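Summary of structural features
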Amino acid sequence: MTISSLIIRLEMDHRLVQFGEIASQVSHAGGDMTSIDVIRSGKDMSVRDITVHINDSDESPLLRRLEELQGTKLIHVSDPVFLAHLGGKIATSPKLMVKNRDDLSKVYTPGVAKVSKAIHENPDKAYSLTIKRNTIAVITDGTAVLGLGDIGPYAAAPVMEGKAMLFKQLADVDAFPLCLDTQDTEELIRTIKAVSPIFGGINLEDISSPRCFEIERRLVEELDIPVFHDDQHGTAIVVMAGLLNALKVTGKQLADVRIVVNGIGAAGVSICKMLLAAGASRLVPIDLDGAIVFGGSYDNSMWQWLATQPQVEGAPGSLKELLAGADVFIGVSRGGLLNSEHIRTMAKDSIVFAMANPMPEIDPEEALPHVRIFATGRSDLPNQINNVLVFPGIFRGALDCRARHINEAMKLAAARAIASVVSDGELNEQYIIPSIFNEQVVAKVRLAVIEAAISTGCARRIPPEIGWKMA
Ligand SMILES: NC(=O)C1=CN([C@@H]2O[C@H](COP(=O)(O)OP(=O)(O)OC[C@H]3O[C@@H](n4cnc5c(N)ncnc54)[C@H](O)[C@@H]3O)[C@@H](O)[C@H]2O)C=CC1
Ligand SMILES: CC(=O)C(=O)O
Ligand SMILES: [Mg+2]
(Lines give C-alpha, C1' and ligand atoms only; values in the text may rest on other atoms or scores of the structure.)
(Ligands and ions follow the chains in the order given, each with its own letter.)
Protein backbone atom coordinates (compact mmCIF):
# COMPACT_ATOMS: atom_id res chain seq x y z
CA MET A 1 0.00 0.00 0.00
CA THR A 2 1.42 3.40 -0.97
CA ILE A 3 0.48 6.46 1.00
CA SER A 4 0.65 9.74 -0.85
CA SER A 5 -0.49 13.21 0.01
CA LEU A 6 -2.77 15.65 -1.77
CA ILE A 7 -3.38 19.33 -1.23
CA ILE A 8 -7.07 20.02 -1.78
CA ARG A 9 -8.22 23.63 -2.15
CA LEU A 10 -11.85 23.95 -1.05
CA GLU A 11 -14.28 26.84 -0.96
CA MET A 12 -16.75 26.52 1.91
CA ASP A 13 -20.06 28.23 2.39
CA HIS A 14 -20.38 28.35 6.17
CA ARG A 15 -24.16 28.75 5.96
CA LEU A 16 -24.35 25.26 4.47
CA VAL A 17 -21.37 23.31 5.77
CA GLN A 18 -19.19 23.15 8.88
CA PHE A 19 -15.51 22.24 8.68
CA GLY A 20 -16.19 19.24 10.95
CA GLU A 21 -18.30 17.69 8.18
CA ILE A 22 -15.40 17.97 5.75
CA ALA A 23 -13.04 16.38 8.26
CA SER A 24 -15.52 13.58 8.80
CA GLN A 25 -15.83 12.91 5.02
CA VAL A 26 -12.05 12.77 4.71
CA SER A 27 -11.82 10.32 7.54
CA HIS A 28 -14.66 8.14 6.17
CA ALA A 29 -12.82 7.94 2.84
CA GLY A 30 -9.73 6.62 4.64
CA GLY A 31 -7.81 9.91 4.51
CA ASP A 32 -5.73 11.45 7.26
CA MET A 33 -5.85 15.25 7.35
CA THR A 34 -2.38 16.51 8.29
CA SER A 35 -2.68 20.27 7.87
CA ILE A 36 -5.15 23.06 7.15
CA ASP A 37 -4.16 26.44 5.71
CA VAL A 38 -6.66 29.25 5.50
CA ILE A 39 -6.22 30.96 2.11
CA ARG A 40 -9.15 33.41 2.35
CA SER A 41 -11.51 33.98 5.19
CA GLY A 42 -14.87 35.78 5.09
CA LYS A 43 -18.05 35.90 7.11
CA ASP A 44 -19.94 33.42 4.95
CA MET A 45 -17.27 31.99 2.67
CA SER A 46 -13.73 30.77 3.19
CA VAL A 47 -11.09 29.04 1.09
CA ARG A 48 -8.81 26.47 2.71
CA ASP A 49 -6.03 24.15 1.59
CA ILE A 50 -6.28 20.82 3.34
CA THR A 51 -3.41 18.37 3.12
CA VAL A 52 -4.57 14.77 3.23
CA HIS A 53 -2.54 11.58 3.42
CA ILE A 54 -4.32 8.88 1.52
CA ASN A 55 -3.79 5.43 0.12
CA ASP A 56 -2.89 5.95 -3.55
CA SER A 57 -5.75 3.91 -4.94
CA ASP A 58 -8.42 5.64 -2.81
CA GLU A 59 -8.09 9.17 -4.09
CA SER A 60 -11.19 9.43 -6.29
CA PRO A 61 -13.83 8.34 -3.72
CA LEU A 62 -12.52 11.03 -1.36
CA LEU A 63 -12.70 13.72 -4.03
CA ARG A 64 -16.21 12.58 -5.00
CA ARG A 65 -17.41 12.81 -1.40
CA LEU A 66 -16.07 16.37 -1.10
CA GLU A 67 -17.58 17.41 -4.44
CA GLU A 68 -20.97 16.07 -3.42
CA LEU A 69 -20.97 17.76 -0.01
CA GLN A 70 -23.43 20.65 -0.08
CA GLY A 71 -21.76 24.02 0.50
CA THR A 72 -18.29 22.96 -0.65
CA LYS A 73 -16.63 23.65 -3.99
CA LEU A 74 -13.45 21.84 -4.99
CA ILE A 75 -11.21 24.52 -6.51
CA HIS A 76 -8.23 22.34 -7.31
CA VAL A 77 -6.21 19.39 -6.19
CA SER A 78 -2.45 19.37 -6.30
CA ASP A 79 0.08 16.70 -5.56
CA PRO A 80 3.12 17.95 -3.57
CA VAL A 81 5.28 15.43 -5.39
CA PHE A 82 4.49 17.04 -8.76
CA LEU A 83 4.87 20.50 -7.22
CA ALA A 84 8.40 19.58 -6.10
CA HIS A 85 9.27 18.80 -9.73
CA LEU A 86 7.92 21.91 -11.43
CA GLY A 87 10.66 23.28 -13.69
CA GLY A 88 13.06 20.51 -12.66
CA LYS A 89 14.98 20.15 -9.41
CA ILE A 90 18.46 21.55 -10.08
CA ALA A 91 20.12 24.58 -11.65
CA THR A 92 23.69 25.70 -12.34
CA SER A 93 25.00 28.76 -10.57
CA PRO A 94 28.14 30.84 -11.15
CA LYS A 95 30.84 30.98 -8.49
CA LEU A 96 31.78 34.59 -9.25
CA MET A 97 29.69 37.54 -10.33
CA VAL A 98 30.71 39.35 -13.50
CA LYS A 99 30.14 42.98 -12.56
CA ASN A 100 32.28 44.95 -14.99
CA ARG A 101 34.52 44.75 -18.05
CA ASP A 102 37.53 43.85 -15.96
CA ASP A 103 35.72 40.82 -14.50
CA LEU A 104 34.51 39.89 -17.95
CA SER A 105 38.00 39.95 -19.38
CA LYS A 106 39.19 37.63 -16.59
CA VAL A 107 36.48 34.96 -16.70
CA TYR A 108 35.92 35.18 -20.44
CA THR A 109 37.92 36.47 -23.35
CA PRO A 110 40.73 37.53 -23.45
CA GLY A 111 41.81 36.19 -20.00
CA VAL A 112 40.33 32.75 -20.42
CA ALA A 113 42.63 32.04 -23.37
CA LYS A 114 45.66 32.03 -21.05
CA VAL A 115 44.00 29.36 -18.93
CA SER A 116 43.02 27.29 -21.96
CA LYS A 117 46.63 27.39 -23.19
CA ALA A 118 47.88 26.27 -19.76
CA ILE A 119 45.53 23.28 -19.83
CA HIS A 120 46.52 22.50 -23.41
CA GLU A 121 50.16 22.34 -22.30
CA ASN A 122 49.34 20.30 -19.20
CA PRO A 123 45.95 18.53 -19.30
CA ASP A 124 46.24 17.69 -15.60
CA LYS A 125 45.53 21.36 -14.96
CA ALA A 126 41.91 20.66 -15.95
CA TYR A 127 41.58 19.41 -12.38
CA SER A 128 42.67 22.70 -10.86
CA LEU A 129 41.30 25.18 -13.39
CA THR A 130 37.91 23.76 -14.43
CA ILE A 131 34.88 22.17 -12.82
CA LYS A 132 36.33 18.70 -13.54
CA ARG A 133 37.61 18.04 -10.05
CA ASN A 134 34.20 18.33 -8.44
CA THR A 135 31.80 17.40 -11.23
CA ILE A 136 30.38 14.05 -12.21
CA ALA A 137 27.83 12.95 -14.79
CA VAL A 138 24.79 10.89 -13.84
CA ILE A 139 24.18 9.01 -17.07
CA THR A 140 21.27 6.82 -18.12
CA ASP A 141 19.65 5.49 -21.27
CA GLY A 142 16.34 5.13 -19.44
CA THR A 143 16.14 1.35 -19.87
CA ALA A 144 15.82 0.17 -16.23
CA VAL A 145 14.49 3.14 -14.33
CA LEU A 146 13.84 2.13 -10.73
CA GLY A 147 11.53 -0.89 -11.07
CA LEU A 148 9.56 0.88 -13.81
CA GLY A 149 11.62 -0.62 -16.62
CA ASP A 150 12.36 0.81 -20.06
CA ILE A 151 10.55 4.15 -19.83
CA GLY A 152 13.07 6.08 -21.94
CA PRO A 153 15.40 9.04 -21.42
CA TYR A 154 12.76 11.76 -20.93
CA ALA A 155 10.91 9.89 -18.20
CA ALA A 156 14.21 8.92 -16.57
CA ALA A 157 15.17 12.57 -16.07
CA PRO A 158 13.38 13.18 -12.72
CA VAL A 159 15.27 10.26 -11.19
CA MET A 160 18.61 11.51 -12.56
CA GLU A 161 17.89 15.06 -11.36
CA GLY A 162 17.04 13.57 -7.98
CA LYS A 163 20.39 11.77 -7.83
CA ALA A 164 22.17 14.96 -8.91
CA MET A 165 20.54 17.02 -6.16
CA LEU A 166 21.43 14.40 -3.56
CA PHE A 167 25.06 14.37 -4.72
CA LYS A 168 25.17 18.13 -4.15
CA GLN A 169 23.26 18.34 -0.91
CA LEU A 170 24.83 15.37 0.80
CA ALA A 171 28.41 15.48 -0.46
CA ASP A 172 28.85 18.82 -2.25
CA VAL A 173 29.56 16.97 -5.50
CA ASP A 174 28.34 18.88 -8.56
CA ALA A 175 26.43 16.36 -10.65
CA PHE A 176 24.85 16.76 -14.05
CA PRO A 177 22.13 14.46 -15.42
CA LEU A 178 22.63 13.15 -18.95
CA CYS A 179 19.73 11.14 -20.36
CA LEU A 180 20.90 9.58 -23.62
CA ASP A 181 18.56 8.77 -26.46
CA THR A 182 20.16 5.53 -27.59
CA GLN A 183 20.12 1.96 -26.35
CA ASP A 184 22.97 0.80 -28.54
CA THR A 185 25.88 -0.40 -26.41
CA GLU A 186 28.63 0.88 -28.72
CA GLU A 187 26.91 4.23 -29.23
CA LEU A 188 26.46 4.66 -25.47
CA ILE A 189 30.13 3.88 -24.83
CA ARG A 190 31.24 6.25 -27.59
CA THR A 191 28.97 9.04 -26.38
CA ILE A 192 29.97 8.72 -22.74
CA LYS A 193 33.66 8.75 -23.71
CA ALA A 194 33.06 11.79 -25.90
CA VAL A 195 31.45 13.82 -23.10
CA SER A 196 33.86 12.65 -20.40
CA PRO A 197 36.59 15.37 -20.55
CA ILE A 198 34.65 17.83 -18.41
CA PHE A 199 33.79 15.25 -15.75
CA GLY A 200 35.85 13.89 -12.84
CA GLY A 201 33.70 10.75 -12.64
CA ILE A 202 30.80 8.92 -14.26
CA ASN A 203 27.86 7.54 -12.31
CA LEU A 204 25.97 5.15 -14.59
CA GLU A 205 22.34 4.82 -13.59
CA ASP A 206 19.35 2.65 -14.47
CA ILE A 207 20.88 1.00 -17.55
CA SER A 208 19.37 -2.45 -18.01
CA SER A 209 21.27 -5.68 -17.63
CA PRO A 210 23.12 -7.46 -19.15
CA ARG A 211 24.17 -4.48 -21.36
CA CYS A 212 25.17 -2.50 -18.26
CA PHE A 213 27.99 -4.95 -17.47
CA GLU A 214 29.71 -4.54 -20.84
CA ILE A 215 29.15 -0.77 -20.90
CA GLU A 216 30.70 -0.34 -17.46
CA ARG A 217 33.59 -2.75 -18.12
CA ARG A 218 34.57 -0.96 -21.33
CA LEU A 219 34.32 2.51 -19.81
CA VAL A 220 36.40 1.48 -16.79
CA GLU A 221 39.06 0.14 -19.17
CA GLU A 222 39.00 3.05 -21.58
CA LEU A 223 38.60 6.10 -19.31
CA ASP A 224 40.98 7.37 -16.62
CA ILE A 225 38.24 8.67 -14.33
CA PRO A 226 36.13 6.53 -11.98
CA VAL A 227 33.11 4.92 -13.63
CA PHE A 228 30.61 3.40 -11.23
CA HIS A 229 27.31 1.78 -12.07
CA ASP A 230 25.31 2.77 -9.03
CA ASP A 231 22.59 0.14 -9.42
CA GLN A 232 25.25 -2.56 -9.35
CA HIS A 233 27.82 -1.43 -6.84
CA GLY A 234 26.00 1.23 -4.82
CA THR A 235 23.25 -1.28 -4.18
CA ALA A 236 25.62 -4.15 -3.35
CA ILE A 237 27.53 -1.94 -0.91
CA VAL A 238 24.44 -0.79 0.97
CA VAL A 239 23.04 -4.35 1.07
CA MET A 240 26.33 -5.55 2.50
CA ALA A 241 26.25 -2.81 5.15
CA GLY A 242 22.66 -3.65 6.11
CA LEU A 243 23.33 -7.37 6.15
CA LEU A 244 26.44 -7.09 8.33
CA ASN A 245 24.35 -5.27 10.94
CA ALA A 246 21.24 -7.45 10.53
CA LEU A 247 23.34 -10.56 11.10
CA LYS A 248 24.76 -9.00 14.26
CA VAL A 249 21.21 -8.47 15.56
CA THR A 250 20.19 -12.07 14.82
CA GLY A 251 23.49 -13.54 16.02
CA LYS A 252 24.07 -15.37 12.72
CA GLN A 253 27.25 -15.55 10.62
CA LEU A 254 27.54 -14.65 6.93
CA ALA A 255 29.38 -17.91 6.27
CA ASP A 256 26.46 -19.98 7.66
CA VAL A 257 23.32 -18.29 6.39
CA ARG A 258 21.35 -19.36 3.32
CA ILE A 259 20.70 -16.28 1.18
CA VAL A 260 18.10 -16.00 -1.59
CA VAL A 261 18.68 -13.12 -4.01
CA ASN A 262 15.71 -12.50 -6.31
CA GLY A 263 16.26 -10.55 -9.57
CA ILE A 264 19.70 -11.26 -11.02
CA GLY A 265 20.01 -8.06 -13.03
CA ALA A 266 22.33 -5.12 -12.45
CA ALA A 267 21.81 -4.99 -8.68
CA GLY A 268 21.39 -8.74 -8.14
CA VAL A 269 24.61 -9.77 -9.93
CA SER A 270 26.67 -7.25 -8.01
CA ILE A 271 25.07 -8.21 -4.69
CA CYS A 272 25.86 -11.88 -5.34
CA LYS A 273 29.47 -11.04 -6.22
CA MET A 274 29.96 -8.97 -3.11
CA LEU A 275 28.35 -11.59 -0.85
CA LEU A 276 30.65 -14.25 -2.29
CA ALA A 277 33.73 -12.05 -1.89
CA ALA A 278 32.76 -11.39 1.74
CA GLY A 279 32.44 -15.10 2.58
CA ALA A 280 28.82 -16.14 1.93
CA SER A 281 28.71 -19.90 1.39
CA ARG A 282 25.06 -20.71 0.62
CA LEU A 283 23.68 -18.55 -2.16
CA VAL A 284 20.47 -19.01 -4.16
CA PRO A 285 20.23 -16.54 -7.08
CA ILE A 286 16.77 -16.51 -8.71
CA ASP A 287 15.43 -14.73 -11.80
CA LEU A 288 12.26 -15.04 -13.87
CA ASP A 289 12.89 -18.65 -14.95
CA GLY A 290 13.77 -19.87 -11.45
CA ALA A 291 17.07 -20.52 -9.69
CA ILE A 292 20.43 -20.03 -11.36
CA VAL A 293 22.08 -23.26 -10.27
CA PHE A 294 25.64 -24.45 -9.79
CA GLY A 295 26.65 -26.38 -12.91
CA GLY A 296 23.86 -24.83 -15.04
CA SER A 297 24.35 -23.33 -18.48
CA TYR A 298 23.24 -19.77 -19.29
CA ASP A 299 23.51 -17.27 -22.16
CA ASN A 300 23.93 -14.37 -19.75
CA SER A 301 27.68 -14.27 -19.00
CA MET A 302 27.17 -13.10 -15.42
CA TRP A 303 24.71 -15.89 -14.70
CA GLN A 304 27.17 -18.35 -16.26
CA TRP A 305 29.85 -17.01 -13.94
CA LEU A 306 27.54 -17.52 -10.95
CA ALA A 307 26.86 -21.09 -12.11
CA THR A 308 30.57 -21.87 -11.68
CA GLN A 309 30.72 -20.70 -8.07
CA PRO A 310 30.61 -23.63 -5.61
CA GLN A 311 28.78 -21.51 -3.02
CA VAL A 312 25.80 -21.28 -5.39
CA GLU A 313 23.31 -24.05 -4.61
CA GLY A 314 22.52 -26.70 -7.22
CA ALA A 315 18.84 -27.41 -6.50
CA PRO A 316 16.32 -25.90 -8.93
CA GLY A 317 12.90 -24.72 -7.77
CA SER A 318 10.42 -21.90 -7.62
CA LEU A 319 10.92 -18.82 -5.47
CA LYS A 320 8.42 -20.15 -2.94
CA GLU A 321 10.11 -23.55 -2.69
CA LEU A 322 13.57 -22.07 -2.44
CA LEU A 323 12.58 -19.63 0.28
CA ALA A 324 11.75 -22.48 2.66
CA GLY A 325 14.48 -22.53 5.31
CA ALA A 326 16.30 -19.46 3.92
CA ASP A 327 17.74 -17.06 6.49
CA VAL A 328 17.91 -14.04 4.19
CA PHE A 329 15.85 -12.77 1.27
CA ILE A 330 17.20 -9.94 -0.85
CA GLY A 331 14.78 -8.68 -3.49
CA VAL A 332 16.01 -6.49 -6.34
CA SER A 333 13.42 -7.54 -8.87
CA ARG A 334 9.89 -6.13 -9.06
CA GLY A 335 7.30 -4.88 -6.59
CA GLY A 336 4.52 -7.01 -5.11
CA LEU A 337 5.82 -10.50 -6.00
CA LEU A 338 5.57 -12.08 -2.58
CA ASN A 339 2.97 -12.62 0.08
CA SER A 340 3.11 -14.01 3.60
CA GLU A 341 2.85 -17.60 2.25
CA HIS A 342 6.25 -17.14 0.60
CA ILE A 343 8.11 -15.96 3.67
CA ARG A 344 6.46 -17.74 6.58
CA THR A 345 8.53 -20.88 5.80
CA MET A 346 11.84 -19.03 6.06
CA ALA A 347 14.21 -19.94 8.92
CA LYS A 348 13.74 -18.48 12.42
CA ASP A 349 14.89 -14.85 12.78
CA SER A 350 14.63 -14.28 9.06
CA ILE A 351 15.94 -11.15 7.37
CA VAL A 352 14.01 -9.69 4.41
CA PHE A 353 15.36 -6.82 2.31
CA ALA A 354 12.58 -6.05 -0.20
CA MET A 355 14.35 -3.40 -2.21
CA ALA A 356 12.43 -3.00 -5.48
CA ASN A 357 11.42 0.62 -6.06
CA PRO A 358 9.01 2.22 -5.83
CA MET A 359 7.05 -0.80 -4.52
CA PRO A 360 8.91 -3.42 -2.48
CA GLU A 361 8.64 -7.13 -3.37
CA ILE A 362 6.29 -7.61 -0.41
CA ASP A 363 3.94 -5.27 1.39
CA PRO A 364 5.51 -4.34 4.75
CA GLU A 365 2.28 -5.06 6.64
CA GLU A 366 2.20 -8.55 5.20
CA ALA A 367 5.88 -9.24 5.86
CA LEU A 368 6.38 -7.82 9.35
CA PRO A 369 4.58 -10.50 11.41
CA HIS A 370 6.77 -13.21 9.86
CA VAL A 371 10.28 -11.74 9.86
CA ARG A 372 12.76 -10.56 12.46
CA ILE A 373 14.28 -7.82 10.32
CA PHE A 374 12.59 -6.05 7.44
CA ALA A 375 14.00 -3.35 5.18
CA THR A 376 12.99 -1.66 1.93
CA GLY A 377 14.49 0.90 -0.43
CA ARG A 378 11.91 3.52 0.55
CA SER A 379 12.44 6.63 2.62
CA ASP A 380 9.00 6.50 4.23
CA LEU A 381 9.67 3.24 6.13
CA PRO A 382 12.28 2.29 8.77
CA ASN A 383 15.52 0.61 7.60
CA GLN A 384 15.90 2.28 4.22
CA ILE A 385 18.44 0.24 2.26
CA ASN A 386 19.03 2.47 -0.71
CA ASN A 387 22.11 3.28 -2.73
CA VAL A 388 21.66 6.93 -1.74
CA LEU A 389 23.65 5.92 1.36
CA VAL A 390 26.59 5.12 -0.91
CA PHE A 391 26.93 7.20 -4.06
CA PRO A 392 27.46 10.65 -2.48
CA GLY A 393 30.24 9.51 -0.11
CA ILE A 394 31.94 7.14 -2.53
CA PHE A 395 32.26 9.83 -5.23
CA ARG A 396 33.26 12.44 -2.63
CA GLY A 397 36.12 10.16 -1.61
CA ALA A 398 37.04 9.17 -5.17
CA LEU A 399 37.12 12.81 -6.34
CA ASP A 400 39.10 14.01 -3.33
CA CYS A 401 41.87 11.47 -3.87
CA ARG A 402 41.46 11.62 -7.67
CA ALA A 403 41.03 7.84 -7.79
CA ARG A 404 41.58 6.13 -11.14
CA HIS A 405 38.82 3.62 -10.43
CA ILE A 406 36.50 2.58 -7.65
CA ASN A 407 37.93 -0.85 -6.84
CA GLU A 408 36.70 -3.76 -4.70
CA ALA A 409 38.68 -2.66 -1.64
CA MET A 410 37.09 0.79 -1.81
CA LYS A 411 33.61 -0.76 -2.11
CA LEU A 412 34.08 -3.08 0.87
CA ALA A 413 35.51 -0.20 2.90
CA ALA A 414 32.41 1.84 2.06
CA ALA A 415 30.10 -0.99 3.19
CA ARG A 416 31.92 -1.36 6.49
CA ALA A 417 31.90 2.42 7.00
CA ILE A 418 28.12 2.62 6.54
CA ALA A 419 27.55 -0.31 8.89
CA SER A 420 29.82 1.29 11.50
CA VAL A 421 27.67 4.42 11.75
CA VAL A 422 25.16 2.37 13.77
CA SER A 423 26.89 1.61 17.07
CA ASP A 424 26.40 -1.72 18.86
CA GLY A 425 24.38 0.09 21.52
CA GLU A 426 22.01 1.55 18.93
CA LEU A 427 21.63 -1.54 16.77
CA ASN A 428 18.18 -3.15 16.81
CA GLU A 429 15.60 -4.65 14.44
CA GLN A 430 14.28 -1.24 13.39
CA TYR A 431 17.70 0.34 13.08
CA ILE A 432 20.21 -1.71 11.11
CA ILE A 433 21.19 1.03 8.70
CA PRO A 434 21.77 4.74 9.34
CA SER A 435 19.58 7.43 7.93
CA ILE A 436 20.93 9.28 4.94
CA PHE A 437 20.52 12.45 7.01
CA ASN A 438 23.05 11.17 9.52
CA GLU A 439 26.06 13.36 8.72
CA GLN A 440 28.50 10.64 9.68
CA VAL A 441 27.53 8.56 6.63
CA VAL A 442 29.17 10.64 3.91
CA ALA A 443 32.12 11.59 6.14
CA LYS A 444 32.89 7.98 7.10
CA VAL A 445 32.38 6.60 3.58
CA ARG A 446 34.60 9.32 2.12
CA LEU A 447 37.43 8.63 4.55
CA ALA A 448 37.22 4.85 4.21
CA VAL A 449 37.21 5.13 0.40
CA ILE A 450 40.23 7.46 0.35
CA GLU A 451 42.20 5.21 2.70
CA ALA A 452 41.36 2.13 0.64
CA ALA A 453 42.28 3.94 -2.60
CA ILE A 454 45.64 4.99 -1.16
CA SER A 455 46.45 1.55 0.19
CA THR A 456 45.59 -0.14 -3.14
CA GLY A 457 47.57 2.35 -5.23
CA CYS A 458 44.45 3.76 -6.87
CA ALA A 459 44.74 7.33 -5.56
CA ARG A 460 46.47 10.00 -7.66
CA ARG A 461 46.34 12.59 -4.90
CA ILE A 462 46.51 12.43 -1.13
CA PRO A 463 44.15 14.96 0.45
CA PRO A 464 46.13 17.21 2.84
CA GLU A 465 44.37 16.10 6.04
CA ILE A 466 45.05 12.44 5.21
CA GLY A 467 48.68 13.13 4.29
CA TRP A 468 49.10 14.74 7.66
CA LYS A 469 47.59 11.64 9.35
CA MET A 470 49.92 9.33 7.43
CA ALA A 471 53.10 11.32 8.12
N1 LIG B 1 16.92 0.03 -3.00
C2 LIG B 1 17.89 0.34 -3.83
O3 LIG B 1 18.85 1.04 -3.49
C4 LIG B 1 17.86 -0.17 -5.21
C5 LIG B 1 16.78 -0.83 -5.69
N6 LIG B 1 16.79 -1.30 -6.96
C7 LIG B 1 15.57 -1.92 -7.43
O8 LIG B 1 15.85 -3.25 -7.81
C9 LIG B 1 15.09 -3.58 -8.95
C10 LIG B 1 16.00 -4.09 -10.06
O11 LIG B 1 16.88 -3.06 -10.47
P12 LIG B 1 18.06 -3.38 -11.50
O13 LIG B 1 18.88 -4.51 -11.04
O14 LIG B 1 18.71 -2.07 -11.77
O15 LIG B 1 17.21 -3.79 -12.79
P16 LIG B 1 17.53 -4.87 -13.91
O17 LIG B 1 16.50 -4.67 -14.94
O18 LIG B 1 18.96 -4.84 -14.29
O19 LIG B 1 17.28 -6.26 -13.18
C20 LIG B 1 16.03 -6.73 -12.75
C21 LIG B 1 16.08 -8.25 -12.77
O22 LIG B 1 14.93 -8.74 -12.11
C23 LIG B 1 14.41 -9.80 -12.86
N24 LIG B 1 13.01 -9.99 -12.54
C25 LIG B 1 11.95 -9.27 -12.96
N26 LIG B 1 10.82 -9.80 -12.46
C27 LIG B 1 11.19 -10.87 -11.74
C28 LIG B 1 10.48 -11.85 -10.99
N29 LIG B 1 9.15 -11.83 -10.96
N30 LIG B 1 11.18 -12.80 -10.35
C31 LIG B 1 12.54 -12.84 -10.43
N32 LIG B 1 13.25 -11.95 -11.13
C33 LIG B 1 12.59 -10.99 -11.77
C34 LIG B 1 14.67 -9.40 -14.31
O35 LIG B 1 14.61 -10.50 -15.18
C36 LIG B 1 16.06 -8.81 -14.19
O37 LIG B 1 17.06 -9.78 -14.35
C38 LIG B 1 14.30 -2.32 -9.33
O39 LIG B 1 13.03 -2.40 -8.75
C40 LIG B 1 15.07 -1.22 -8.68
O41 LIG B 1 14.26 -0.13 -8.33
C42 LIG B 1 17.88 -1.17 -7.79
C43 LIG B 1 18.97 -0.50 -7.37
C44 LIG B 1 19.03 0.09 -6.04
C1 LIG C 1 17.58 3.43 -5.98
C2 LIG C 1 17.88 3.11 -7.37
O3 LIG C 1 18.92 3.45 -7.88
C4 LIG C 1 16.93 2.33 -8.12
O5 LIG C 1 15.92 1.91 -7.58
O6 LIG C 1 17.19 2.13 -9.32
MG1 LIG D 1 18.95 3.18 -10.00
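These figures come from a predicted structure and were not determined experimentally.

**Details of the site of ligand 2**
In the neighbourhood of ligand 2, the contacting residues comprise Leu-146, Lys-163, Glu-205, Asp-206, Asp-231, Asn-357, Asn-386 and Asn-387. In the model, an oxygen atom of ligand 2 is placed 2.9 Å from a nitrogen or oxygen of the Lys-163 side chain. For ligand 2, an oxygen atom lies 2.9 Å from a polar atom in the side chain of Asp-231. Protein contacts shield 86% of the accessible area of ligand 2, which totals 210 Å² for the unbound molecule. Class assignment for the residues of the shell around ligand 2 results in one nonpolar, three polar and four charged. Both of domain 2 (101-225) and domain 3 (231-471) provide at least three residues apiece to the shell around ligand 2.

**Some words on the sheet that holds strand S12 (residues 328-331)**
Sheets are built from strands that pair by backbone hydrogen bonding, the pairs being arranged parallel or antiparallel. Read from one edge of the open sheet, six strands run S11-S10-S9-S12-S13-S14, paired in mixed fashion. A single partner strand is all that each edge strand has here, and the edge strands are strand S11 (290-291) and strand S14 (373-376). The pairing of strand S9 (residues 258-262) with strand S10 (residues 282-287) spans five bridges and is parallel. When the sheet's bridge partners are listed, Val-260 is paired in S10 with Val-284. Contacts from helix H10 (residues 230-250) reach S9, S12, strand S13 (351-354) and S14, with the element oriented near 155° to S13. Running at roughly 160° to S9, helix H11 (residues 266-278) makes contact with S9, S10 and S12 of the sheet.

**A short note on the coordination of the magnesium ion (ligand 3)**
Taken together, the protein ligands of the magnesium ion (ligand 3) are Glu-205 (OE), Asp-206 (OD) and Asp-231 (OD), with distances of 2.0 to 2.1 Å. In the primary structure, the donors to the magnesium ion (ligand 3) are separated according to the pattern E-D-x24-D. With a gap of 26 residues between them, Glu-205 in the loop between strand S7 (201-204) and helix H9 (211-222) and Asp-231 in helix H10 connect regions that are remote in the sequence. The same class applies to Glu-205 and to Asp-231, which are both buried.

**Here's the deal with the environment of Asn-300**
By secondary structure assignment, the location of Asn-300 is in the loop between S11 and helix H12 (301-306). Accessibility expressed as a relative area gives 14% for Asn-300, which makes it buried. Each C-alpha atom of the pair Asn-300 and Ser-209 lies 9.3 Å from the other, and the pair is 91 residues apart in sequence.

**Section: the pattern of salt bridges**
Side-chain pairs of opposite charge can arise where the charged atoms are in close proximity. Counted according to the given criterion, the structure contains 29 salt bridges. We note a salt bridge from Glu-341 to Arg-344, for which the minimum N-O separation is 2.8 Å. Across the pair Arg-372 and Glu-429 runs a salt bridge, and its minimum N-O distance is 2.6 Å. In this pair, Arg-372 is assigned in the loop between helix H15 (364-367) and S14 and Glu-429 in the loop between helix H17 (408-421) and helix H18 (440-455), connecting sequence segments 57 residues apart. Salt bridges linked by common partners bring Glu-186, Lys-193, Glu-214, Arg-217, Arg-218, Glu-221 and Glu-222 together as one network.

**Structural notes on the packing of helix H8 (residues 185-195) against H9**
Put simply, H8 and H9 touch, their axes get as near as 10 Å, and they point 35° apart. In the packing of H8 onto H9, the handedness of the crossing is right-handed. Touching Thr-185, Glu-186, Leu-188, Ile-189, Ile-192 and Lys-193 of H8 are Arg-211, Glu-214, Ile-215, Arg-218, Leu-219 and Glu-222, all from H9. Its residues assigned to classes, the contact of H8 with H9 shows five nonpolar, one polar and six charged.

**Brief notes about the nonpolar core**
Nonpolar side chains in soluble globular proteins generally cluster together in the buried interior. With 105 residues, the main nonpolar core has Ile-202, Ile-259, Val-261, Leu-275, Phe-353 and Ile-394 as its most contacted residues. Considering every element that reaches this core, the biggest residue donor is H10, with ten residues. With residues up to four places along the chain from it excluded, the contact list for Val-261 reads Gly-268, Ile-271, Cys-272, Leu-275, Leu-283, Val-284, Pro-285, Ile-286, Ile-330 and Val-332. With 19 residues, the next largest nonpolar core counts Ile-286, Val-352, Val-371 and Phe-374 among its residues.

**Observations concerning H10**
The end-to-end C-alpha separation of H10 is 29 Å, in line with the 30 Å expected for 21 residues at 1.5 Å each. Most of H10 is tucked away, with 19 of its 21 residues classed as buried. In the stretch just after H10, Gly-251 is the one whose phi turns positive, near 70°.

Scoring rules and cut-offs
Residues numbered from 1 in each chain as written. Chains lettered and ligands numbered in written order. Predicted model: local features only at pLDDT ≥ 70, side-chain atom pairs only at ≥ 80, totals over all residues. Heavy atoms only, no water. Near = heavy atom within 4 Å. Polar contact = N/O pair within 3.5 Å; in protein donor to acceptor, adjacent residues only side chain to side chain. Areas by Shrake-Rupley, 256 points an atom, 1.4 Å probe, with all protein chains shown as cover. Nonpolar A, V, L, I, M, F, W, Y, C, P; charged D, E, K, R; others polar. Domains from an automatic or database assignment. Pairing = 2+ DSSP bridges. Helix = DSSP H or I, 4+ residues; strand = E, 2+ residues; numbered from the N terminus. Contact = heavy atoms within 4.5 Å. Axes fitted to C-alpha atoms, helices over the stretch in contact; angles between N-to-C directions. Donors = N, O, S within 2.8 Å, 3.2 Å for Na, K, Ca; no water. Buried < 20%, exposed > 50% of the residue type's maximum accessible area, 1.4 Å probe, protein only. Salt bridge = Lys/Arg side-chain N within 4 Å of Asp/Glu carboxyl O. Left-handed = near helix turned anticlockwise from the far one by under 90°. Core = buried A, V, L, I, M, F, W, Y, C linked by side-chain atoms within 4.5 Å. Expected span 1.5 Å × (residues − 1).

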